[in-house]
Amino acid sequence: MSSAGRGDARPSSKGGGRGGGGGDSTVRVKCLGGRELRGALRGYDELVNLVLDDCEEFIRDPDDPEQVTSQTRRLGLVVIRGTQVSLVSPEEGTEEIANPFLAGPEEEEEVEE
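Everything quoted here is computed from the prediction, not taken from an experiment. (Residues numbered from 1 in each chain as written. Predicted model: local features only at pLDDT ≥ 70, side-chain atom pairs only at ≥ 80, totals over all residues. Heavy atoms only, no water.)

A. Representation of the pattern of salt bridges within the structure. Counting across every chain of the model gives seven salt bridges. Glu-57 serves as the salt-bridge partner of Arg-35, at 3.1 Å between the closest nitrogen and oxygen. Note that Arg-35 is positioned in the loop between strand 1 (26–31) and strand 2 (36–44) and Glu-57 in strand 3 (residues 50–60), a separation of 22 residues in sequence. When its relative accessible area of 44% is taken as the criterion, Arg-35 is described as partly exposed. (Salt bridge = Lys/Arg side-chain N within 4 Å of Asp/Glu carboxyl O. Helix = DSSP H or I, 4+ residues; strand = E, 2+ residues; numbered from the N terminus. Buried < 20%, exposed > 50% of the residue type's maximum accessible area, 1.4 Å probe, protein only.)

Here is the structure:
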């Protein structure tokens, strides 16, 4: 019997730069509970456990805990359990866009007609 269908649970040491470039990519990770981290992706596995090097945590605004500030604190090498990860995105090439599902009151009235 081949091992193709058995689902090996061995950890992987795949790096972030799998797409050909060869270097590790910088990623931004959002965790459950609101923490946001940035670092060089050094490895991950099928459970989305992540290893980040040169990691920084973004500090939250003391007046509004939902708001993340541009201030950071250095953490160094970290391991993040996959159960805590809600989003992983590349640091470069991303931009925030307006939420198309949050319609203003004028737009809602037009839709109802």
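From this point on, the discussion continues.
B. Local environment of the confidence of the model for the chain. In the predicted model, the chain carries a mean pLDDT of 78, and 71% of its residues have values of at least 70. Note on residues 1–12: pLDDT under 50 across the span, and seven contacts to partners over four residues away in sequence or across chains. Every residue in residues 15–22 is under pLDDT 50, and counting partners more than four places away or in other chains gives 13 contacts. (pLDDT = per-residue confidence, 0-100. Contact = heavy atoms within 4.5 Å.)

C. Summary view of the environment of Thr-26. Within the secondary structure, Thr-26 sits in strand 1. For Thr-26, a relative accessible area of 37% gives the class partly exposed. As for Thr-26 and Arg-42, which are separated by 16 residues in sequence, their C-alpha atoms are 9.4 Å apart. For Thr-26, the residues in contact, after removing those within four places along its chain, are Arg-38, Gly-39, Ala-40, Pro-90 and Glu-91.

D. Fine view of the sheet that holds strand 4 (residues 68–80). The antiparallel open sheet is built from five strands, whose spatial order is 4-3-2-1-5. Of all strands in the sheet, those bounded by a partner on one side alone are strand 4 and strand 5 (85–90). Ignoring which end each strand starts from, the neighbouring axes of this sheet average 30° apart. Pairing of strand 2 with strand 3, which is carried by six bridges, proceeds in the antiparallel orientation. In the strand pairing of strand 3, Gly-43 is matched with Val-51. (Pairing = 2+ DSSP bridges. Axes fitted to C-alpha atoms, helices over the stretch in contact; angles between N-to-C directions.)

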